[in-house]
Amino acid sequence: MTVEVGAQAPDFTLKNQDGQDVSLSDFKGQKAVLLVFYPFAFSGICTGELCSVRDDLSSFQNDDVQVLGCSVDTTWSLKAWALQEGYDFPLLSDFWPHGATAESYGVFSADLGFAFRGTFLIDSDGVVRFAETNGPGDARDQQGWRDALQDLKTAA
């Protein structure tokens, strides 16, 4: 079951593309987190979505919000993809235990072996303020993310 708006976000610690540990709790009390699950690095829709974030990063990431991408890819794949595409935000590897973080958010498909396109805006208290899930072939409309970020800013 997908984590719902108003629920406490499950904490996690995953390696980023540089092999460094990143935990959701690292941001608690400091920044909100826009957590973006995607099926696979280097795939067409995933690349398009994250390049849109890269190209308009200030709309998604700033002093109050951190973008975190997350997939079941290895850290090495994520590093190569980040370098190729110029991503300036952490890409987290949910490789092992395979998909455990995506599963805790309710967006992992055990049958397919990857995360669906789940997006969660988590405030600085660790509460989910926005949640959406799209299937693997369904690109997301990032205007919803912008609206959620604006709502969070307005509420602060």
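In the block above lies the structure referred to throughout.
The structure reproduced in this document is the subject of the present report.

Parameters at a glance
Every residue gets a number counted from 1 within its own chain, in the order that chain's sequence is written. Owing to the predicted nature of the model, reporting of local features is limited to residues with pLDDT of at least 70; listing and counting of side-chain atom pairs is limited to 80 or more, with chain, interface and lining totals taken over all residues. Side-chain measures here rest on the full set of heavy atoms in the structure, leaving out hydrogens and waters. Each helix corresponds to a stretch of at least 4 residues labelled H or I by DSSP, and each strand to a stretch of at least 2 residues labelled E; elements are numbered beginning at the N terminus. The buried label applies to any residue whose accessible area, calculated with a 1.4 Å probe on protein chains only, is under 20% of its type's maximum; exposed applies above 50%, and partly exposed to all values in between. For the purpose of charge, His is not counted, nor are the chain termini; Lys and Arg are scored as positive and Asp and Glu as negative. When a carboxyl oxygen of Asp or Glu lies within 4 Å of a side-chain nitrogen of Lys or Arg, that pair is called a salt bridge. Any pair of nitrogen or oxygen atoms within 3.5 Å is treated as a polar contact; in protein, a donor-acceptor pairing is required on top of that, and neighbouring residues in sequence qualify only through side-chain atoms on both sides. Residue contacts are counted whenever heavy atoms from the two residues lie within 4.5 Å of one another. Stacked, tilted and edge-to-face are the three classes assigned to paired rings of Phe, Tyr and Trp, where Trp is represented by its six-membered ring and a pair needs centres within 6.5 Å; plane angles under 30 degrees give stacked, over 60 edge-to-face, the rest tilted. For the purposes of this section, nonpolar cores are sets of buried Ala, Val, Leu, Ile, Met, Phe, Trp, Tyr and Cys residues that join through side-chain atoms within 4.5 Å. DSSP calls a pair of strands paired once it identifies at least 2 bridges connecting them.

**Notes on unusual backbone geometry**
A cis amide bond, omega -5°, links Trp 96 with the succeeding residue Pro 97. Following the sequence through the fold, Pro 97 ends up in the loop between strand S5 (91-93) and helix H4 (100-104). In this structure, Phe 42 is a non-glycine residue whose phi angle is positive, near 70°. Structurally, Phe 42 can be placed in the loop between strand S3 (32-37) and helix H1 (44-55). Judged by relative accessible area, Phe 42 falls into the partly exposed class, the value being 42%.

**Remarks on the side chain of Asp 94**
The residue Asp 94 is located in the loop between S5 and H4 in this model. One buried charge, Asp 94, has no salt-bridge partner; the nearest side chain with opposite charge is Arg 140, at 13 Å. Within the local environment of Asp 94, its side chain forms a polar contact with the backbone nitrogen of Thr 101, the two atoms lying 3.1 Å apart. Excluding residues that lie within four positions of it along the chain, Asp 94 makes contacts with Leu 14, Cys 70, Ser 71, Val 72, Asp 73, Gly 99, Ala 100, Thr 101 and Ala 102.

**Notes on the packing of aromatic side chains**
Note on aromatic pairs: each is described by the distance of the centres and the angle between the planes. Tallied over the full model, the rule gives 11 aromatic pairs. Judged by centre distance (5.0 Å) and plane angle (80°), the ring pair of Trp 81 and Tyr 87 falls under edge-to-face. For Trp 81, a relative accessible area of 0% gives the class buried. An aromatic cluster is present here, built from Tyr 38, Phe 42, Trp 81, Tyr 87 and Phe 89 joined pairwise through their rings.

**Thoughts on the nonpolar core**
Core analysis: the biggest nonpolar cluster contains 25 residues, and Leu 34, Leu 50, Trp 81, Tyr 87, Phe 89, Leu 91 and Leu 121 have the highest contact counts within it. Going through the elements one at a time, S3, H1, helix H2 (57-60), strand S4 (65-71), helix H3 (75-85) and helix H5 (143-155) are the ones with two or more residues in this core. Sequence-distant contacts of Leu 121, that is, excluding residues within four places in its chain, are made with Ala 32, Val 33, Leu 34, Val 127, Val 128, Arg 129, Phe 130, Ala 148, Leu 149 and Leu 152. Counting residues in hydrophobic clusters, the runner-up holds 23 residues, among them Phe 12, Phe 37, Tyr 105 and Ala 115.

**Describing the pairing of S3**
S3 sits mainly inside the fold: six of its six residues count as buried. As paired strands, S3 and S4 are joined by six bridges and run parallel to one another. Opposite Leu 35, over in S4, you have Leu 68 as the bridge partner. With four bridges connecting them, S3 and strand S8 (residues 117-122) associate as antiparallel partners. Within the sheet, the bridge partner assigned to Leu 35 lies in S8 and is Phe 120.

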